[in-house]
Amino acid sequence: MADGSIGTPAIGASVRRREDYRFLTGQGTYTDDINRPGQVYAYILRSPHANARIGGIDTSAAASSPGVVAVFTGKDLEADGIGGLPCGWLINSKDGSPMAEPPHPVLVTDRVRHVGDHIAVVIAETLGQARDAAERIDIDYAVEPAVVDSVAALRPGAPLVWEQAPGNVCYDWHLGDSAAVETAIGKAARVVKLDLVNNRLVPNAMEPRAAIGEFNRATGEYTLYTTSQNPHVIRLLMGAFVLHIPEARLRVVAPDVGGGFGSKIYHYAEEAIVTWAAAKVRRPIKWTADRSESFMSDAHGRDHVTHVELALDADAKFLALKVSTLANMGAYLSTFSTCIPTYLYGTLLAGTYTTPAIYVETKAVFTNTVPVDAYRGAGRPEATFLLERIVDLAADELGIDPAELRRRNFIARDAFPYQTPVALQYDSGDYQTTLDMAMEAAGYAGFEARRREAAGRGKLRGIGIATYIEACGIAPSAVVGSLGARAGLFESAAVRVHPTGSVSILTGSHSHGQGHETTFAQLVSDHLGIPIDSIEIVHGDTAKIPYGMGTYGSRSLAVGGSAIIKAMDKVIAKGRKIAAHLLEAAEADIEFKDGEFTVAGTDRSKSLGEVALTAYVPHNFPHDELEPGLDETAFYDPKNFTFPSGAHIAEIEIDPDTGHLTVLNFTASDDFGRIVNPMIVAGQVHGGLAQGIGQALLEGCVYDTETGQLLTGSYNDYAMPRAADFPNFVLSTHVTLCTHNPLGVKGCGEAGAIGAPAAIANAIVDALKHLGVRHVEMPATPERLWRTIQEHQTRAAAD
Amino acid sequence: MEMKGERRIPAPRQLVWERLNDPETLKGCIPGCESIEKISDTEFTAKVVARVGPVKASFSGKVTLSDLDPPSGYTISGEGTGGVAGFAKGSATVALEEDGAETVLRYGAQGQVGGKLAQIGSRLIDATARKMADEFFTRFVGAMSPESATGS
Amino acid sequence: MQKTVSLTVNGKPATATVEGRTLLVQLLRENLGLTGTHVGCDTSQCGACVVHVDGEAIKACTLLAVQAEGRNVLTIEGVADGDTLHPMQEAFRNNHALQCGFCTPGMVMSALDLVKNNPKPTEKEVREYLEGNLCRCTGYHNIVLAIIEGATVMRGETPPVAPHGPAHGVAAE
Amino acid sequence: MYEFDYHRPTSLDDAAGRLSDEDAKLVAGGMTLIPTLKLRLAKPTQLIDLGALPGLTGITEDGDSVVIGGMTRHADVNRSEVVKRVVPALAAMAGLIGDPAVRNRGTIGGSIANNDPAADYPAGVVALNATVRTNKREIAADDFFTGLFETALEPGEIVTAVRFPKVAMANYQKFRNPASRYAIVGVFVARTSAGVRVAVTGAGASVFRVPAMEAALTASFTADAIKDIAIPDDGLNSDIHASAEYRAHLVTVMARRAVAACG
């Protein structure tokens, strides 16, 4: 191709994506695009009630409906000894007792616990027939009162979601030094307090979830095609814990996946249903969610209610932070749900600041709602939101510029490694510089003039800063294991050098929009000195990849990329041996650079291709010392998390007549460590910002508090961000290298969603603070803003 | 949601009360009611077809009369399931007050829906419930007009 | 009730036997195997299924297959000229206007519809025109840039260098 | 979707005749009906597609008015040079309905026959004092919209056209539902030879006029003339996006802005 790919600077270049051609021409292969011979269709019958006892399920009419192949209920699964869906993280309460861990059946038998709970599956020749038949299933429900919010669930007499969880409490966890925090608060010059809510969100990847189960009687092998961010994890969880199928007989394929944002990490009931049932009916079974099903069956995100207190001394230095949070778990414990409001949240509460004493307690609560789990940022947006809100509120109360208050409390750039009081050790960072960059780009100094100009037009203008830190590169197994993770979180890679020197990379990191086929190829091109065109990136298939933990928590490059580097180093090491043999030199004298193995100080060299060919055509190989082949596998387990950080600044304008808000400008200055493909990094930031701003202004999952009905169950009511809701984003990056991975990378996938909500919320309060407004909950809808303005104007008039 | 309303009926309270307990009258007043069967003096099964714009859902369920205080009022409740559309329930507390030869009917009604109707159509729940309650009592007043009161 | 529908898809005649309730998007995906047109919602809002019928953008999930009888349908599979991407597709690639790719076919089809009606759209006009197309990955920023660049090339003008610098491209697969 | 019989009649009489089956449904643009069918919230026996009926599309100037065929799409009204000249506010309003792909299918007849409480067209039809033509008669705008999703249309009656008189000044202001894009409140203000009309959609069960504002604007056609006229929130729509109180407030704000935009 004319624009040429050979010789381009591989790392740090905005290489256009290799995957785009297929997506742009309609040739991507998403799960629902796959059709297997003899395929039948599954429809899942779901509960319309939030809490009801099931007296009986009569499937006879459905079973005899036209086209129906089979109808299964929870009893059929029970009869086969099928277990429930596992939770991946054990949390212990303050008193040392383990969390309440109620069962999570694939199909319920005696009770439904949220609208959308799975009751039965109908399998038919066509989807239409399966739906028709499902309407003929007769269920005897005894409807009982439901509880949907965490505060109400803790009230005495609240409906009990699980007998195993008295008071609806899953766990009551804490972290930090309570005594030190209380002492600091006692002697503080000022203590700033705030109650806030982190709104429940529905992830809404544009591709609804889908799954195809297949069973081959001849080989005894199962195959599951699924919309997953981590096919190996699904194979492990579903094979070992649910269906009891040995890994060797279970292949899980996650082909092109249309976005995940966390929601496609978990093992879902539908995957188990189609895999198990495929063996029952001896036909491949396809299930594809409607969007309305996605709303009531994909794990939701956030849903925290928090009280926070920040203690400051007379110089406005932070002395202590105290946080108390209720985290809504929903009706069941999803795969990662329990660690999100604890270890991915409490540990982040130092933020970018030197706060010496921190105490956080989190009570996880069961309710009659869809399970809540990781959604883009997963715990870190919640931590950042409360921290950056309380810092802004403190600045307002103390009459200090919010940027100045942050500057006074930042961890200095020469203070690394920095041990926080909440378990983490930050390896590197430079918070003041990213803030300075953002302030410069946002025209922070000139803001007051713009505020006055807007006021002249009757508009309320505000500017808001949020700085953030996140823990990415999930996760160092040793660290998370000591914290209760039931699995390690390394990554694997295999580098297969083919006989003529082209390379296949088999990676356990799954790409569902992140552009691994391009970024990973850049790494390989750079490291092995070969053209990108001769590099193939293979992912998403347990039959091909050695192992994988998948893509989430901004871990692909930091962990998956590092595994590739490690495997390439093994290839190079072996290549040096082969080259030494070919060049009749000592191995120690062989250098590898730009794709050539060279005898040091000479012009004698062999290319990677020549070495590879020898490896595969080993006519005169010293077999005692060297095996044929050039194919190496490595597993990389990080020593620590990585700590991306940055500063985001939002400038907004509110129309006081309607409460309508316009985002005028959004600036993000981020430190992601080394950047491999700036174009892809910018894209990740854009997407994260849109989701963060969406949370702040538009998105909120609403349940009817009386009936437990999901009221935002479609795009009619769940406000998805649209193009016209945003300005062009202004981005910049500053690099401090990660000190413990070979690439120096930190991760960029979640940053936008972490910084943006607080930046927007701070801008809103800045626009309204002259009215006495201290806080506005998210989403800051027009009516909420209008009401806030009305109430404060009325109050001000009365004073 | 809660709705309140008031109607003046040109008929004596005793007659109004009797009609409020008469299945045939109720059938004529419940919007979309196709059939009503008496199980006891206070319980009926009913089939109701609800049409709201393009939506048409057939509900089967029961109507219950409770808190009977003849001839001053009662609570009328209905709940039904509409298959794939979900379910609906509603109730109205009705109070009758004599005013000369006429009767003043006051009601406080509430309604709930669940399932797909709630998930997809939450913006319309309120207006629809209001319309149904309004229609019920308007039809009831119509059924009590002098000609129909004596003629049925 | 089965009906036979005859239409033109991407310039070629096509015939399929469908039920009255079959949607155009189902005919395209299931009968014709054209899986580039996606279904992202069931309330006709996300725009992943946008195709052109007789030259105009419509949502293929909200048109019955039988209503497409005799019509001329263009899907994402018919946009490129053989192996050569259409300038709008090329602009999407050059500007990194797609990540997971799921909304992309609908975005491209809507973009082409916009340019047909408004050959020189402003940023604001592009953002407003995308009212019926949801993307969860890109934050729309690069999609907007891509559509402006695509429109520029389609007008026969030279676009400014993309913000990501000159294309360090790779050969089309 | 449930299965149904699909018909595409080529004469109005044939189409109307099929409506003797009370479970038959007309489909114009289908932008409301087809999503409803997909969700299985209706089960018509027959779908009668109006798409092949002759004479139902098109925009013609007729003396001092413009006549828009019932099957004319929002996109065509939005782009029509005739509408832009005779009733420019109507062309602008059509450009605010749904999204571009919806405007390429949705029709004026379908929209007003459906009478969604938050649809845009009913406000335009009422404020502009239009006349609805059917296969049987002409119906004045004020008589056409009768309640929540209800109109004066009788069984077997099909909207064939809507006639809009030329208007001196008019403007439509829409406050969108951020999710669905329907009007939370939409106010269409028109100053016609027959007087000032203010029609509100989105706020109530069906489009309604605001006589107090009309009177004030007749006396003085300025935004200030109505700034203190508040409409009662009793009976207005209330949902998770906007309370009745907020909607009532928005009616005044949008009306004021519409008047101001009339210039």
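Just so we're clear, the structure is a prediction, and the values are computed from it rather than from any experiment.

A.B. asks: Could you clarify how one ought to interpret the overall build of chain A in this entry?
C.D. replies: Each helix and strand in chain A was counted, giving 20 helices and 28 strands. Compactness check: chain A gives a C-alpha radius of gyration of 28 Å against a globular reference of 28 Å for 799 residues, within 12% of the reference. When its C-alpha atoms are laid out on the principal axes, chain A stretches across 95 × 75 × 55 Å. Put simply, chain A has 799 residues, and 67% of those count as buried. The contacts in chain A between residues at least 6 apart in sequence include a share of 79% that link residues at least 24 apart. Between the averaged position of the 67 positive side-chain charges in chain A and that of its 94 negative side-chain charges there is a distance of 1 Å.

A.B. asks: Could you clarify how one ought to interpret helix 12 (residues 431-442) of chain A in this entry?
C.D. replies: Note on helix geometry: an α-helix contains 3.6 residues per turn, so any two residues three or four positions apart are oriented the same way. All names here are of chain A. Between its first and last C-alpha, helix 12 extends 16 Å over 12 residues, near the 16 Å set by a 1.5 Å rise per residue. Every buried residue of helix 12 is accounted for by Tyr 431, Gln 432, Thr 433, Thr 434, Leu 435, Ala 438, Met 439 and Ala 442. Contacts made by the buried residues of helix 12 are with helix 11 (402-409), strand 17 (425-426), helix 13 (447-456), strand 18 (460-469), strand 26 (645-654) and strand 27 (661-671).

A.B. asks: Looking at this structure, I do not really get the interface of chain C and chain A. What am I missing?
C.D. replies: With 56 residues of chain C at the interface, the matching set in chain A holds 65 residues. Summing both sides of the interface, chain C and chain A together bury roughly 5,200 Å²; the carbon and sulfur share of this comes to 56%. The interface formed by chain C and chain A includes 4 salt bridges. We note a salt bridge from Asp 33 of chain A to Arg 29 of chain C, for which the minimum N-O separation is 2.7 Å.

A.B. asks: Help me understand unusual backbone geometry in this model?
C.D. replies: For residues other than glycine, phi is negative in most cases, and the peptide bonds are mostly trans. Cis geometry marks the peptide bond from Phe 416 of chain A to Pro 417 of chain A, where omega comes out at -5°. Among the structural elements, Pro 417 of chain A can be located in the loop between helix 11 and strand 16 (418-419). The phi dihedral of Phe 261 of chain A is positive, around 60°, even though this residue is not glycine. With respect to the helices and strands, Phe 261 of chain A occurs in the loop between strand 11 (250-253) and helix 8 (269-281). Its identity is not glycine, yet Asn 129 of chain D carries a phi of approximately 55°, on the positive side. Tracing the backbone shows Asn 129 of chain D in the loop between helix 8 (121-127) and strand 6 (131-134).

A.B. asks: What should I look at first to understand the domain arrangement of chain D in this one?
C.D. replies: Residues and elements named next belong to chain D. Along its sequence, chain D is carved into domain 1 (5-49) and domain 2 (59-261). The gap between the C-alpha centroids of domain 1 and domain 2 is 25 Å. Across the boundary between the two partners, domain 1 contributes 9 residues, which contact 13 residues of domain 2. Each partner contributes to the roughly 870 Å² buried at the junction of domain 1 and domain 2, and carbon and sulfur atoms together form 74% of this total. The largest contributions to the domain 1 side of the interface with domain 2 come from Leu 12, Ala 28 and Met 31, which together make up 48% of the buried area. At the junction of domain 1 and domain 2, the tally comes to 0 salt bridges. One can count 0 residue pairs in polar contact (both at pLDDT 80 or more) joining domain 1 with domain 2. With 3 residues, helix 1 (residues 12-18) is the largest single contributor of residues to the side of domain 1 that touches domain 2. Residue composition of the side of domain 1 that touches domain 2, by class: 7 nonpolar, 2 polar and no charged.

A.B. asks: Honestly, the packing of aromatic side chains in this entry has me stumped. Any pointers?
C.D. replies: Aromatic ring pairs are described here by two measures, namely the spacing of the ring centres and the angle between the planes. With the rule as written, the count across this model stands at 30 aromatic pairs over all chains. When the centroid spacing of 5.8 Å and the interplanar angle of 85° are considered together, the rings of Phe 416 of chain A and Tyr 431 of chain A count as edge-to-face. Here Phe 416 of chain A is found in the loop between helix 11 and strand 16, whereas its partner Tyr 431 of chain A is found in helix 12, with 15 residues between them in sequence. Taken together through their ring pairs, the aromatic side chains of Phe 318, Tyr 353, Phe 410, Phe 416 and Tyr 431 of chain A make up a single cluster. Above the plane of the ring of Tyr 268 of chain A lies Arg 209 of chain A, whose end atom (NZ or CZ) is 3.5 Å from the centre. Over the ring of Tyr 2 of chain D we find Arg 40 of chain D; its NZ or CZ atom is 4.5 Å from the centre of that ring.

A.B. asks: Where do I start with the arrangement of the chains in this structure?
C.D. replies: Most contacts, when the 5 pairs of chains in contact are compared, are made between chains A and C. In this view chain B stays clear of chain C, with the nearest C-alpha atoms of the two still 9 Å from each other.

A.B. asks: Quick question: what am I supposed to make of the confidence of the model for chain A here?
C.D. replies: Interpretation of this model should avoid reading the predicted coordinates in detail wherever pLDDT is low. Of the residues in chain A, 99% have a pLDDT of 70 or more, and the chain-wide mean is 95. Long-range and interchain partners of residues 1-8 of chain A, a stretch whose pLDDT sits below 50, account for 13 contacts in this model, where long-range means more than four residues apart.

A.B. asks: Can you help me understand the nonpolar core in this one?
C.D. replies: Nonpolar side chains in soluble globular proteins generally cluster together in the buried interior. Among the nonpolar cores identified, the biggest contains 216 residues, and Tyr 426, Ile 654, Leu 697, Ile 760, Ile 764 and Leu 768 of chain A together with Phe 92 of chain C are the most heavily contacted of them. Ranked by residue count, the leading element in this core is helix 19 (residues 751-768) of chain A, at 11 residues. Once you skip the residues sitting within four places of it in the chain, Ile 764 of chain A turns out to touch Ile 652, Ile 654, Leu 661, Leu 697, Val 776, Ala 780 and Leu 785 of chain A.

A.B. asks: Help me understand the pattern of salt bridges, please; the structure alone is not making it clear to me.
C.D. replies: Two side chains of opposite charge can pair, provided their charged atoms sit close to one another. Taken as a whole, this structure holds 89 salt bridges over all chains when the rule is applied. Put simply, Arg 451 of chain A and Asp 766 of chain A hold a salt bridge, and the shortest N to O gap is 3.0 Å. Here Asp 766 of chain A lies in helix 19 and Arg 451 of chain A lies in helix 13, a separation of 315 residues in the sequence. The two residues Arg 451 of chain A and Asp 766 of chain A agree in class, both being buried. Glu 102 of chain B is the partner of Arg 8 of chain B in a salt bridge, and the nearest nitrogen-oxygen pair spans 3.0 Å. Note that Arg 8 of chain B is positioned in strand 1 (residues 2-9) and Glu 102 of chain B in strand 7 (residues 102-114), a separation of 94 residues in sequence.

A.B. asks: Just to check I follow, could you spell out the sheet that holds strand 9 (residues 210-216) of chain A for this structure?
C.D. replies: In a beta sheet, neighbouring strands pair by backbone hydrogen bonds and run either parallel or antiparallel. Residues and elements named next belong to chain A. With mixed pairing, the 7 strands of this open sheet are ordered in space as 3-5-1-12-9-10-11. Bordering the open sheet on either side are strand 3 (68-73) and strand 11, each of which pairs with just one other strand. Geometrically, the sheet is characterised by an average inter-axis angle of 20° between neighbouring strands, direction not taken into account. In terms of strand pairing, strand 10 (residues 221-226) meets strand 11 through 4 bridges, oriented parallel. Its bridge partner being in strand 11, Tyr 225 is matched across the sheet by Val 253. Sheet strands touched by helix 7 (residues 231-243): strand 10 and strand 11. Its angle to strand 11, the strand with the most contacts, is close to 140°.

Conventions and cut-offs
Each chain carries its own residue numbering, running from 1 in the written order of its sequence. Numbering of ligands from 1 and lettering of chains from A proceed in the order in which they are written. Per-residue local features are limited, in this predicted model, to residues with pLDDT of at least 70; the limit for side-chain atom pairs, both in listing and counting, is 80 or more; totals at the level of whole chains, interfaces and linings are taken over all residues. Where side-chain values are given, they derive from all heavy atoms of the structure, hydrogens and water being excluded. A helix here means a DSSP run of H or I that spans at least four residues, while a strand means a run of E at least two residues long, and both kinds are numbered starting from the N terminus. Between the two quantities, the radius of gyration covers C-alpha atoms and the globule rule is 2.2 Å times the number of residues to the power 0.38. Using a 1.4 Å probe on the protein chains alone, a residue whose accessible area is under 20% of its type maximum counts as buried, one over 50% counts as exposed, and one in between counts as partly exposed. We call two residues in contact whenever any of their non-hydrogen atoms come within 4.5 Å of each other. None of His or the chain ends enter the tally, which takes Lys and Arg as positive and Asp and Glu as negative. A charged residue contributes its charge at one atom only: NZ of Lys, CZ of Arg, CG of Asp or CD of Glu. Take the number of residues in a helix, subtract one, and multiply by 1.5 Å to get its expected span. Throughout, buried area stands for the accessible area (probe radius 1.4 Å) lost by two parts on being put together, summed over both. Salt bridges are counted wherever a side-chain nitrogen of Lys or Arg sits within 4 Å of a carboxyl oxygen of Asp or Glu. The split of the chain into domains comes from an automatic or database domain assignment. By the criterion applied in these results, polar contacts are pairs of N or O atoms within 3.5 Å in which, for protein atoms, one can donate a hydrogen and the other can accept it, and in which residues neighboring in sequence qualify only through two side-chain atoms. Residue polarity follows a fixed list, in which Ala, Val, Leu, Ile, Met, Phe, Trp, Tyr, Cys and Pro are nonpolar, Asp, Glu, Lys and Arg are charged, and the others, Gly among them, are polar. Stacked, tilted and edge-to-face are the three classes applied to pairs of Phe, Tyr and Trp rings, where Trp contributes its six-membered ring and a pair requires centres within 6.5 Å; stacked means planes under 30 degrees apart, edge-to-face means over 60, and tilted covers the rest. In our convention, an over-ring charge means Lys NZ or Arg CZ found within 6 Å of a ring centre and within 35 degrees of that ring's normal. One confidence number per residue, pLDDT, is output by the predictor and ranges from 0 to 100. Residues belong to one nonpolar core when they are buried, are Ala, Val, Leu, Ile, Met, Phe, Trp, Tyr or Cys, and are joined through side-chain atoms within 4.5 Å. The rule for pairing is simple: two strands pair if DSSP sees at least two bridges between them. What counts as an axis is a line fitted to C-alpha atoms, over the stretch in contact for a helix, and the angles between N-to-C directions run from 0 to 180 degrees.

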